[in-house]
Amino acid sequence: MALATPALPSLSLICKPRPSIPPPSVCFRTPKPPKIGGLNIKCVRVAGVEIPNNKRVEYSLQYIHGIGRVRSRQILCDLSLDNKITKDLTDDELIRLRSEVSKYMIEGDLRRFTAMSIKRLKEIRCYRGIRHIQGLPCRGQRTKNNCRTLKGRGIAVAGKKKAPGPK
């Protein structure tokens, strides 16, 4: 009988299997977050995204699609929050942070808005829309040498073979 290994290798040090008790066939218990040195490991969810605990709020907010460096600093200034480590935030500060972040267009709404605007450009067949259809850059970059991200991998073309020279 093989025991399931934990998802993270660091959890294997914490969660030791108990060989004396046979494992049940179906288990509906929710696991408690592991404790390391008296600290609970938990993730903070803001706008449906789990942001890291061990970083400062300014940098952990940037894990949300649509929030960059400037906007995360603006959010902290609007709330007059200190830029402390995320796990040190109180519940009241977290609630205020979530309500402030929800005012912006982020994550799914932003992705949907971007996709709809690109779709509109394709439908009206403007220059930018045609470039999106062809998979080429839209903003005037040169395409002779670069833009491999959009064009994909290069296809090898057989070149001219050199004629053997006199020996």
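Reading the values: rules and limits
Residues numbered from 1 in each chain as written. Predicted model: local features only at pLDDT ≥ 70, side-chain atom pairs only at ≥ 80, totals over all residues. Heavy atoms only, no water. Helix = DSSP H or I, 4+ residues; strand = E, 2+ residues; numbered from the N terminus. Buried < 20%, exposed > 50% of the residue type's maximum accessible area, 1.4 Å probe, protein only. Contact = heavy atoms within 4.5 Å. Areas by Shrake-Rupley, 256 points an atom, 1.4 Å probe, with all protein chains shown as cover. Core = buried A, V, L, I, M, F, W, Y, C linked by side-chain atoms within 4.5 Å. Disulfide = S-S within 2.5 Å. Polar contact = N/O pair within 3.5 Å; in protein donor to acceptor, adjacent residues only side chain to side chain. pLDDT = per-residue confidence, 0-100. Salt bridge = Lys/Arg side-chain N within 4 Å of Asp/Glu carboxyl O.

J.: Looking at this structure, I do not really get the overall build of the protein. What am I missing?
T.: Each helix and strand counted, the protein has 7 helices and 4 strands in total. Going residue by residue from the N terminus, the α and β elements of the protein occur as α-β-β-β-β-α-α-α-α-α-α. Counting every position in the protein, which comprises 167 residues, the buried fraction comes to 20%. The contacts in the protein between residues at least 6 apart in sequence include a share of 42% that link residues at least 24 apart. Carbon and sulfur atoms make up 56% of the accessible area of the protein, which amounts to about 14,000 Å² in all.

J.: Even after reading the chapter, I still don't get the nonpolar core, so can you show me in this structure?
T.: Soluble, globular proteins show a tendency: their nonpolar side chains are buried together. If you look at the biggest cluster of nonpolar residues, it comprises 17 residues, and the most contacted ones within it are V46, L61, I64, I67, I75, L97 and V101. If you list the elements that add at least two residues to this core, you get strand 3 (44–46), strand 4 (49–51), helix 3 (69–79) and helix 4 (91–101). Not counting chain neighbours up to four residues away, the residues in contact with V101 comprise V46, A47, L61, I64, I67, I75 and I106.

J.: Would you explain the state of the cysteines in this entry?
T.: Each disulfide consists of one covalent bond between the sulfur atoms belonging to two cysteines. Under the defined criterion, the tally for this structure stands at 0 disulfides. Summary of cysteine pairing: C126 is not part of a disulfide, and the nearest cysteine sulfur, belonging to C138, is at 8.5 Å.

J.: Would you mind going over the environment of S102 with me for this structure?
T.: One can find S102 in the loop between helix 4 and helix 5 (107–123). For the pair S102 and V46, spaced 56 residues apart in sequence, the C-alpha separation works out to 8.7 Å. A polar contact is formed between the side chain of S102 and the backbone oxygen of S99, at a distance of 2.7 Å.

J.: I keep staring at the environment of R139 and nothing clicks. Help me out?
T.: Note that R139 resides in the loop between helix 6 (127–134) and helix 7 (148–151). With a relative accessible area of 77%, R139 lands in the exposed category. Distance in space between the C-alpha atoms of R139 and R128 is 8.0 Å, their sequence separation being 11 residues.

J.: Help me understand unusual backbone geometry in this model?
T.: When glycine is set aside, most residues are seen to have a negative phi, and most peptide bonds are trans. Not every positive phi belongs to a glycine, and A47 is a case in point at roughly 60°. Looking at where A47 falls in the secondary structure, it is placed in the loop between strand 3 and strand 4. One non-glycine residue, S80, lies in the positive phi region at around 50°. Position of S80 among the secondary structure elements: in the loop between helix 3 and helix 4. Accessibility expressed as a relative area gives 61% for S80, which makes it exposed.

J.: Explain the confidence of the model for the protein here, please?
T.: Caution applies to low-pLDDT regions: their predicted coordinates should not be interpreted in detail. This prediction gives the protein a mean pLDDT of 78; 73% of its residues lie at or above 70. Mean pLDDT values for the elements of the protein range from 51 in helix 1 (residues 11–14) up to 92 in helix 5.

J.: Would you mind showing me how to read the side chain of E100 here?
T.: Mapped onto the elements of the fold, E100 is located in helix 4. Classification of E100 as buried rests on a relative accessible area of 9%. Leave out the neighbours within four places in its chain, and E100 touches I75, D78 and L79.

J.: So what exactly am I meant to see when it comes to the pattern of salt bridges here?
T.: If charged atoms from side chains of opposite charge come close, those side chains can pair. All told, the structure shown has 6 salt bridges when counted by the stated rule. The salt bridge involving E107 is made with R111; its shortest N-O contact spans 3.8 Å. One end of the pair, E107, and the other, R111, are both in helix 5, 4 residues apart, so they sit about a helical turn from each other. Where R112 meets D109, a salt bridge forms, and the shortest distance between an N and an O atom there is 3.0 Å. Separated by 3 residues within a single helix, R112 and D109 lie in helix 5, roughly one turn from each other. Judged by relative accessible area, D109 falls into the partly exposed class, the value being 46%.

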